[in-house]
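Structural description and commentary
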Amino acid sequence: MTILCIETSTNCCSAAIAINGEAKAIRANLTGANHASELPLFVEELMNEARSNNWKIDAVALSQGPGSYTGLRIGASLAKGLCYGLNIPLIPVDTLQILCAAAVTQHLPQNALLCPMLDARRMEVYAAIYDRALNVKREIAADIIDENSYLEFLEKQPVYFFGNGAAKCREKITHPNAHFIDNIYPLAKWMFPLAEKAKSKEDFKDVAYFEPFYLKEFVASQPKKLI
């Protein structure tokens with residue numbers, strides 16, 4: 001099973017190829033460069049490498065958001081084009097779960113809860129709660145952070161916060177069970193196990209009708225709340 005993974009939901013841009021869950025080639029830039037020019041170059045290099053090694057791409061996995069409108073559009077457009085051209089399936093992968101896949105590589109206690117956060121305005125983040133097996137404990141919501149945020153979880157077990165929205169929450173979330181992990185990014189290399197799981201279930205999307213999960217659309221459909 002050979003999967004090309006594409007991740008463009010934040011200011012990071014990355015693509016990678018995995019064969020049976022093992023990374024074979026990776027391209028990434030964390031500095032917020034232009035996805036529109038950088039991603040096609042990454043993919044071209046990876047496809048050339050695949051051809052030279054006789055790797056047959058079986059599917060394209062795409063980070064589906066939530067995330068930046070512009071970044072997700074760029075990633076989706078390229079992923080759809082590849083799927084059409086190669087006649088292979090499109091596998092959507094949740095961006096917050098990609099962040100969790102990166103976080104669980106850290107040494108976390110077995111009872112840890114994971115809270116990936118995407119940055120928004122002021123003290124607002126878009127977040128969800130997962131356990132270490134990535135089972136959803138609370139669905140994604142737009143949260144306005146204050147001193148009482150996530151207490152229902154923090155009073156019971158350790159919660160680890162990470163992602164580009166976490167740093168600004170440190171001064172507000174000070175419960176002893178609150179822990180912050182730096183330098184966790186949604187990158188294509190963390191998508192492999194999630195993509196393989198989805199492919200084994202044939203959890204594919206219709207390329208013609210698939211649309212990413214844009215933050216601005218989520219904001220429009222969900223009331224902001226204190227948590």
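Fair warning: this is a prediction, and the values are worked out from it, not measured in the lab. (Residues numbered from 1 in each chain as written. Predicted model: local features only at pLDDT ≥ 70, side-chain atom pairs only at ≥ 80, totals over all residues. Heavy atoms only, no water.)

**What to know about the side chain of T10**
Quick note on the threshold: Where helices and strands are cited, they refer to DSSP runs of H or I of at least four residues and of E of at least two residues respectively, numbered from the N terminus. Note on classification: 1.4 Å probe, protein chains only; a residue is buried when its accessible area is under 20% of the maximum for its type, exposed when over 50%, partly exposed between these limits.
When you line up the elements, T10 lands in the loop between β1 (2–7) and β2 (13–19). The buried category is assigned to T10, whose relative accessible area is 11%.

**A look at the sheet that holds β1**
Note the cut-off: Pairing between strands is defined by DSSP: at least two bridges between them are needed. A fitted line through C-alpha atoms serves as each axis, taken over the contacting stretch for helices, and the angle formed by two N-to-C directions is quoted from 0 to 180°. Residues count as neighbours in contact if any of their non-hydrogen atoms are within 4.5 Å of one another.
Strand order in this open sheet of five strands is β3-β2-β1-β4-β5, and the pairing throughout is mixed. Unpaired on one side and paired on the other, β3 (22–29) and β5 (90–93) mark the two borders of the sheet. Direction aside, the axes of adjacent strands within the sheet are offset by 15° on average. Two strands pair when backbone bridges link them, and β1 and β2 are joined in this way by six bridges, in the antiparallel orientation. Bridge pairing links E7 to S14 in β2. Lying over the sheet, helix α1 (residues 35–52) contacts β1, β2 and β3, oriented at roughly 20° with respect to β2. Sitting on the sheet, helix α2 (residues 69–86) is in contact with β1, β4 (59–63) and β5, with an inclination near 170° to β4.

**Digging into the nonpolar core**
Rule in force here: Residues enter a nonpolar core if they are buried and are Ala, Val, Leu, Ile, Met, Phe, Trp, Tyr or Cys, with the set joined through side-chain atoms within 4.5 Å.
In terms of nonpolar packing, the biggest core is built from 36 residues, with A61, V93 and F162 touching the most fellow members. Of all the elements, helix α3 (residues 95–103) adds the most residues to this core, at seven residues. With residues up to four places along the chain from it excluded, the contact list for F162 reads L99, C100, A103, L114, C115, P116, M117, I181 and I184. Counting residues in each nonpolar core, the second largest holds 26 residues, with C13, A50, A79 and C83 among its members.

**Digging into the pattern of salt bridges**
Selection rule: Basic side-chain nitrogens of Lys or Arg form a salt bridge, by our definition, when they fall within 4 Å of a carboxyl oxygen of Asp or Glu.
The full count for this structure, using the stated rule, is eleven salt bridges. In this structure, D119 engages K168 in a salt bridge whose closest nitrogen and oxygen atoms are separated by 2.5 Å. Of this pair, D119 sits in strand β6 (residues 113–119) while K168 sits in the loop between β9 (159–162) and β10 (178–180), placing them 49 residues apart in sequence. According to the relative accessible area criterion, K168 is partly exposed, its value standing at 25%.

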